[in-house]
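Fold and geometry: a report
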Amino acid sequence: MTNVLAVADHRRGELRDVSYELITAGRQLADETGGELHVAVISGTVDEFADKLNREGVDAVHTVDYGEEFNHDVYAQVLTQLYDEHAPQYVVAPNSVNGLDYAPAVANALNLPIVTDTVDLESDGDTLVATREMYGGKVETTTELEGTVVATIRGGEWPAAEGTGDAAIEAFDAEIDEDAVGSTVTGFEEVGGGDVDISEADVLVSVGRGIEEEENLEIIRDLADALDATVSSSRPIVDSGWLPKNRQVGQSGKVVTPDVYIAIGISGAVQHVAGMKGSDTIVAINTDPNAPIMDIADYAIHDDLFDVVPALTEEFQ
Amino acid sequence: MKILVTVKEVSTVEDEFEIEGTSIAEQYLGADLNEWDDYAVEEAVQLQEAGIADEVVTVTIGPEDCEQTIRQALAKGADRAVRVWDDSLEGVDLLDVGAKTEILRAVVEAEDPDLVLTGVQSGDDSWGATGVSLAEELGFEWAAVVNHLEHDFEDDRAAVRRELEGGVEELTEIELPAALTIQTGINEPRYASLRGIRQAQRKELDVQTLADLGVDESAIEGDVTLTDMYEPESESDVTVWEGSAEETAAELGELLREKGVAP
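Here is a short report on the structure shown in this document. (Residues numbered from 1 in each chain as written. Chains lettered and ligands numbered in written order. Predicted model: local features only at pLDDT ≥ 70, side-chain atom pairs only at ≥ 80, totals over all residues. Heavy atoms only, no water.)

Overview of the overall build of chain B
Test applied: Think of it this way: any DSSP run of H or I at least four residues long counts as a helix, any run of E at least two long counts as a strand, and we number them from the N terminus. Each residue is assigned to one of three classes by its accessible area relative to the maximum for its type, calculated with a 1.4 Å probe on protein chains only: buried under 20%, partly exposed between the two thresholds, exposed over 50%. Any pair of residues with heavy atoms lying within 4.5 Å of one another is described as a contacting pair. Here the Shrake-Rupley method, with its probe set to 1.4 Å, supplies the accessible areas, and only the displayed protein chains count as covering residues. Asp and Glu count as negative and Lys and Arg as positive, but His and the ends of the chain are not part of the count. Positions of charges follow a simple convention, taking NZ of Lys, CZ of Arg, CG of Asp or CD of Glu.
When helices and strands are counted, chain B shows eight helices and 15 strands. Expressed along its principal axes, the backbone C-alpha trace of chain B runs to roughly 65 × 45 × 40 Å. Here chain B, with 263 residues, has 56% of them falling under the buried criterion. Pairs at least 24 residues apart make up 70% of the contacts formed inside chain B by residues separated by at least 6 positions. When the accessible surface of chain B is split by element, carbon and sulfur atoms take 40% of a total near 11500 Å². Computing the positive centroid from 18 side-chain charges and the negative centroid from 65, chain B places the two 9 Å apart.

Next comes the structure, spelled out in structure tokens:
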């Protein structure tokens, strides 16, 4: 009996870390429901991927050798067919940009409920208790779903599965209806580039929405100059066009690991935290003591950045 | 071309708040146009200004209170709005993806747009799944997390960029009709002009019930039950520096010198 079907994530020839985290989450659910964990890997060099996915706790890997890169129409077709054949109770997918491009369609096609961006999952065999955040991480919630469910998991919340398993690796003979494939991936492009590589910096002075106006960036630049540091930012600053894309820290930007990360007026949305949590020392300057950034900060100043930043600049001038 | 944009009024939460049961106490909540939907509205209005879209219609699931938010979208240039509400929706504390899909499907079928634009997610419950679920339900093509849309629609295809993780973008072409979930940063949403705000008051805002749309009430019962809400436990032992700005800045200055990263 297949209890859990986990869907691996890969891009441009590489499995993404969340694929191994999915195995951990999936194995736990399979243990709780007393069944097997199957993993699906679709498109790309599937045999090579299958060897890597054969980690401890995996009972079977289903490979679908079709196309090089992710295509949501192909994923949706394959997953509904795998579901029909193996009838898993839980389908777990990554809450990645690609996961969100097929998992809701699969859930809807199969008439199953979906719960997204989960940070914890527990099942007693009938009821799935999914933990997720709301209001940009200000609160955590538990939600309950009965029966068969599609769930997406947030990256970095489960440890990566390790070891080598003895999974059966089986090619799944999916029938792809070409006429129903209405999307085509035509290429990839690295964005940002440019003059500065923030992932190389020892000290980042990073600015968020709290800066309010573009003109106010001047005090951030002054501080960076005084510290001989590099300026980076959270997403809204780049969205507003105040800093170029290559300065953006986060899931859709750069991952940084400086010695010191000074988060100024940054609330700490999960997408941002994903890009900077590996920093050696994190300092947060924010008026809101409950901002999610405080959960990962080592040092904090709960005060107005417009007072603190100039005072700090003065220290070093 | 006709474009339908989903517009949600989201709850915003003050810095300090209290939780009552499975929701945040009313007095700490505000309301705003969902940030991601604001970009979707802007993209639609730009398509109209470029002479590509003939009509931009918004659809909102929400009570009468949210008409102010809908007027914001109208003031930015949408032509008219549909609001769906029903007494049966009043007591629902979590409208799940399946329920939203059912309601929006009925509106799309009635409006028959070529393009549906939704925000990638909503700022309050952040499911991030409704746009793609809706597309599947309609038999539309789709693309999730779009941060660039070519405006020429050659051969009835939409050429988009999808923003993947880690500074990589995927170039994708999809057939119309389609639903796109719009990421922030795709454009720069405008502020409503005074003239726009005045005009918005006169634009059509049509209210529909589930019965009007032919949606069975059972569709909104949903499969997801919210059972608990709490403030997440802090994982770090954060050292909070207190005092005047000069004092806290001096503490931070000392740390930076200790770490050897500042002069």
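Anyway, onward from the coordinates.
A look at the sheet that holds strand 7 (residues 80-84) of chain B
Our working definition: Note on pairing: two strands pair once DSSP finds at least 2 bridges between them. Note on method: axes are straight lines fitted to C-alpha atoms, helices fitted across the in-contact stretch only, with angles between N-to-C directions ranging 0 to 180 degrees.
In space, the ten strands of this open sheet follow the order 12(A)-11(B)-10(B)-9(B)-12(B)-8(B)-1(B)-6(B)-7(B)-13(B), with mixed pairing throughout. Looking at the sheet topology across the chains shown, the edges are occupied by strand 12 (183-190) of chain A together with strand 13 (205-208) of chain B. Taken pair by pair, the neighbouring strands of this sheet meet at an average axis angle of 30°, ignoring direction. Note that strand 1 (residues 2-6) of chain B and strand 8 (residues 115-119) of chain B share three bridges and pair parallel. By the bridge assignment for strand 8 of chain B, L4 of chain B is matched with V116 of chain B. Contacts between helix 2 (residues 67-75) of chain B and the sheet are confined to strand 6 (55-61), strand 7 and strand 13 of chain B, with strand 7 of chain B contributing the most and set at about 155° to the helix.

Section: the side chain of R162 of chain B
As a reminder of what qualifies: Here a polar contact is taken to be a pair of N or O atoms separated by no more than 3.5 Å, where protein atoms must pair a possible hydrogen donor with a possible acceptor and residues adjacent in sequence count only if both atoms sit in side chains.
By the secondary structure assignment, R162 of chain B is in strand 10 (residues 157-163). Relative accessible area serves as the criterion here: at 1%, R162 of chain B is assigned to the buried category. At 3.1 Å, the side chain of R162 of chain B forms a polar contact with the backbone oxygen of V97 of chain A. At 3.1 Å, the side chain of R162 of chain B and the side chain of N98 of chain A are in polar contact.

Some words on unusual backbone geometry
Omega for the bond connecting L176 of chain B with P177 of chain B falls within 30 degrees of zero, at 0°, which places this linkage in the cis form. With respect to the helices and strands, the residue P177 of chain B is situated in the loop between strand 11 (168-175) and strand 12 (178-182). Of note, the phi angle at R12 of chain A is positive, near 45°, even though the residue is not glycine. Counting through the fold element by element, R12 of chain A comes out in the loop between strand 2 (10-11) and strand 3 (14-15). Here S126 of chain B, not a glycine, exhibits a phi torsion of approximately 40°, which is positive. Within the fold, S126 of chain B resides in the loop between strand 8 and helix 5 (130-138). A relative accessible area of 14% means that S126 of chain B is categorised as buried.

Comments concerning the interface of chain B and chain A
Short version of the rule: Salt bridges are defined as contacts in which a side-chain nitrogen from Lys or Arg sits within 4 Å of a carboxyl oxygen from Asp or Glu.
In this complex, chain B contributes 83 residues to the contact, which on the side of chain A involves 83 residues. Taken together, chain B and chain A are joined by nine salt bridges. Note that R161 of chain B is salt-bridged to E189 of chain A, the shortest N-O span being 3.2 Å. Inspection of the region where chain B meets chain A yields 44 residue pairs in polar contact (both at pLDDT 80 or more).

Digging into the layout of surface pockets
Residue and element names in this part refer to chain B. Cut-off, in case you're wondering: Cavities and pockets were defined on a 1 Å grid built from protein atoms only: a cavity is a group of points that admits a 1.4 Å probe but offers it no way out, a pocket is an open group of points flanked by protein on both sides within 12 Å along at least five of seven lines, and a lining residue is one with an atom within 4 Å of any such point. Grid points are joined across faces, edges and corners, and a volume is the space filled by probe spheres set on the points. Classes in brief: Ala, Val, Leu, Ile, Met, Phe, Trp, Tyr, Cys and Pro nonpolar; Asp, Glu, Lys and Arg charged; the others, Gly included, polar.
Considered as a void within the structure, the second largest pocket measures approximately 1400 Å³ in volume. Contributing to the lining of the second largest pocket are 49 residues, with K8, E9, V10, S11 and D124 lying nearest its centre. Of the residues contributing to the lining of the second largest pocket, the split by class is 22 nonpolar, 17 polar and ten charged.

Here's the deal with empty space enclosed by the protein
Per the stated rule, a full pass over the model turns up one cavity of 30 Å³ or more. In terms of lining residues, the largest cavity is bounded by F70, N71, H72, D101, S183, T184 and V185 of chain A together with W142, A143, R162, E170 and T172 of chain B. For the lining of the largest cavity, the secondary structure elements donating two or more residues are strand 12 of chain A together with strand 9 (141-149) and strand 11 of chain B. Counted by class, the lining of the largest cavity contains four nonpolar, five polar and three charged residues.

Here's the deal with the environment of W36 of chain B
Residues and elements named next belong to chain B. Here W36 lies in helix 1 (residues 35-49). Given the relative accessible area of 15%, W36 is considered buried. Taking the C-alpha atoms as reference points, W36 and Q183, 147 residues apart in sequence, are found 6.2 Å from one another. Those residues in contact with W36 that lie beyond four places of it in its chain are G119, V120, Q121, S122, G123, I182, Q183 and T184.

Re the packing of aromatic side chains
Applicable threshold: Pairing of aromatic rings covers Phe, Tyr and the six-membered ring of Trp, with a centre-to-centre limit of 6.5 Å; geometry is then stacked below 30 degrees between planes, edge-to-face above 60, and tilted otherwise.
If you walk through the whole model with that rule in mind, you get four aromatic pairs over all chains. Plain terms: the ring middles of F70 of chain A and Y102 of chain A are 5.9 Å apart, the flat faces sit at 45° to each other, and that makes the pair tilted. Taken together, the residues span a long stretch of sequence, with F70 of chain A in the loop between strand 5 (60-64) and helix 3 (72-86) and Y102 of chain A in helix 4 (residues 99-109) at a distance of 32 residues. Ring geometry for Y299 of chain A against W241 of chain B: centres 4.8 Å apart, planes inclined by 15°, an arrangement best described as stacked.

A closer look at the nonpolar core
Note the following rule: The criterion is simple. A nonpolar core is a set of buried Ala, Val, Leu, Ile, Met, Phe, Trp, Tyr and Cys residues joined through side-chain atoms within 4.5 Å.
Formed by 65 residues in total, the largest nonpolar core has its most connected members in V39, L53, L79, Y102 and L121 of chain A. Those residues in contact with V39 of chain A, other than ones at most four positions away along the chain, are L5, A6, A8, I23, L53, V58, A60, V61 and H62 of chain A.

Considerations on the sheet that holds strand 17 (residues 299-301) of chain A
Either a parallel or an antiparallel arrangement is found when strands of a sheet pair, and the pairing is made through backbone hydrogen bonds. Read across the open sheet, the six strands follow the order 14(A)-13(A)-15(A)-16(A)-17(A)-15(B); overall the sheet is parallel. Each having just a single partner strand, strand 14 (230-233) of chain A together with strand 15 (239-241) of chain B make up the two edges of the open sheet. For this sheet the average axis-to-axis angle between neighbouring strands, irrespective of direction, equals 20°. The sheet contact formed by strand 13 (residues 203-207) of chain A and strand 15 (residues 260-264) of chain A spans five bridges and is parallel. Considered in strand 15 of chain A, the bridge of V207 of chain A is made with I264 of chain A.

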